[in-house]
Amino acid sequence: LTEVTDAAVIQNDIQLSHLGIATSENYAGQRIRVIGANLKNTSSKPIRTIDVKMVFTDYDGKPIHEYSERVLRQTQRPLVPGEEFRFEIRQENLPRNWNYRVPITEVTKIGF
């Protein structure tokens, strides 16, 4: 596995689109935020892993909460060139001063 963390290279190899947020509730009545987006492999090789980072901001645009997660793992089918992949991440108990906007989301690492 060859991992890439250079933002310029990642931007050429993968495209992030259709970023959105929805609200749901769990069985205990707690609010859950579901952040979803599409990732498209624009490289010439299959992508085996993808890590994303989300930054939640307050009403002044200052970062108040960061979250990172691997959304495509080696145990899953690779994302072949030209293919799109939808991911969803669930977040509970976000800070009270969060501005209720979609977090700043970026791909931080991909693996070939």
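Everything below is about the structure printed above this text.
These remarks concern the structure in this document. In this text, all values refer to a predicted model and were calculated from it rather than measured experimentally. (Residues numbered from 1 in each chain as written. Predicted model: local features only at pLDDT ≥ 70, side-chain atom pairs only at ≥ 80, totals over all residues. Heavy atoms only, no water.)

**Some words on the pattern of salt bridges**
And then number 1: Tallied over the entire structure, the rule returns six salt bridges.
And then number 2: The closest approach of N and O atoms between Glu3 and Lys109, which form a salt bridge, is 3.7 Å. Taken together, the residues Glu3 in strand β1 (residues 3–4) and Lys109 in strand β7 (residues 104–111) connect sequence positions 106 residues apart.
And then number 3: Judged by its relative accessible area of 23%, Lys109 falls in the partly exposed class.
And then number 4: One salt bridge connects Lys53 with Glu106, and the closest N-O pair in it is separated by 3.7 Å. Remark: Glu106 occurs in strand β7 and Lys53 occurs in strand β4 (residues 49–57); sequence separation between them is 53 residues.
And then number 5: Among the residues examined, Lys53 registers a relative accessible area of 21% and is labelled partly exposed.
And then number 6: Overall, the relative accessible area of 39% leaves Glu106 in the partly exposed class.
And then number 7: The structure contains a network of salt bridges with shared partners spanning Glu3, Asp51, Arg70 and Lys109. (Salt bridge = Lys/Arg side-chain N within 4 Å of Asp/Glu carboxyl O. Helix = DSSP H or I, 4+ residues; strand = E, 2+ residues; numbered from the N terminus. Buried < 20%, exposed > 50% of the residue type's maximum accessible area, 1.4 Å probe, protein only.)

**Topic: the pairing of β4**
If a strand is regular, its side chains alternate between the two faces of the sheet.
And then number 1: Counting buried positions along β4 yields eight of nine residues, so the element is predominantly enclosed.
And then number 2: By the bridge criterion, seven bridges tie β4 to β7 in an arrangement that is antiparallel. Counted as the bridge partner of Asp51 is Lys109 from β7.
And then number 3: Note that β4 and strand β5 (residues 63–72) share eight bridges and pair antiparallel. (Pairing = 2+ DSSP bridges.)

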